[in-house]
Amino acid sequence: MQVSLTRALKATVIEQGLALSLEQAGGPSWVAFAPEIPDDVQRAIWLLRLNYVRLRRQRLSPDAAAASTLLREHEIALGELTPSISTVLQRTQARAPRPLPPPA
């Protein structure tokens, strides 16, 4: 499984041993995780959920993020975050919302 994160989130996830760096993927923010045992599936889901929360916070205004039931459900499902991951996610929220790309 490969996920593109922000550079700061990538560094934090790698530092905590939650994923491996994937430099050859064409960008500096890619990480990889290869589930080996059944329990690893939960970590893979957690990494995907973490990236979803990051992307939604990046695209929504703080008010829209606070009102989003789906975002809140995913944040709750992440469980207790380490202070470093929580700080990186908060910095993502602080950015101005990015518009979605136009339809192709």
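See the structure shown above.
Enquirer: Just give me the short version of the overall build of the chain, but keep the residues and values in it.
Expert: Check the secondary structure of the chain and you find five helices and three strands. Seen in sequence order, the chain has helices and strands lined up from the N terminus as β-α-β-β-α-α-α-α. Partitioning the intrachain contacts of the chain with sequence separation of at least 6 by distance along the chain shows that 63% fall at a separation of at least 24. Summed over all atoms, the accessible surface of the chain reaches about 6500 Å², with 58% contributed by carbon and sulfur.

Enquirer: Describe the environment of Leu81, listing the residues and the values that go with them.
Expert: Following the sequence through the fold, Leu81 ends up in the loop between α4 (69–78) and α5 (83–94). The spatial distance from the C-alpha of Leu81 to the C-alpha of Leu50 is 9.9 Å, given a sequence separation of 31 residues. Once you skip the residues sitting within four places of it in the chain, Leu81 turns out to touch Trp46, Ser86 and Leu89.

Enquirer: So, the sheet that holds strand β3 (residues 30–32): which residues are in play, and what are the values?
Expert: The strand order across the open sheet formed by three strands is β1-β3-β2, and the pairing between neighbours is antiparallel. Where the open sheet ends on each side, the last strands, each with one partner, are β1 (2–4) and β2 (20–21). By the bridge criterion, three bridges tie β1 to β3 in an arrangement that is antiparallel. Looking across to β3, one finds that Gln2 is bridged to Ala32.

Enquirer: An account of the pattern of salt bridges is requested, with residue identities and associated values reported.
Expert: The tally for this structure, following the rule as stated, stands at one salt bridge. Salt-bridge contacts for Glu75 lead to Arg57; the nearest nitrogen and oxygen are separated by 2.6 Å. Separated by 18 residues along the polypeptide, Glu75 in helix α4 and Arg57 in helix α2 (residues 40–59) bring together distant segments of the chain. In this structure Glu75 comes out as partly exposed when scored by relative accessible area, which is 25%.

The rules we used
Residues numbered from 1 in each chain as written. Predicted model: local features only at pLDDT ≥ 70, side-chain atom pairs only at ≥ 80, totals over all residues. Heavy atoms only, no water. Helix = DSSP H or I, 4+ residues; strand = E, 2+ residues; numbered from the N terminus. Contact = heavy atoms within 4.5 Å. Areas by Shrake-Rupley, 256 points an atom, 1.4 Å probe, with all protein chains shown as cover. Pairing = 2+ DSSP bridges. Salt bridge = Lys/Arg side-chain N within 4 Å of Asp/Glu carboxyl O. Buried < 20%, exposed > 50% of the residue type's maximum accessible area, 1.4 Å probe, protein only.

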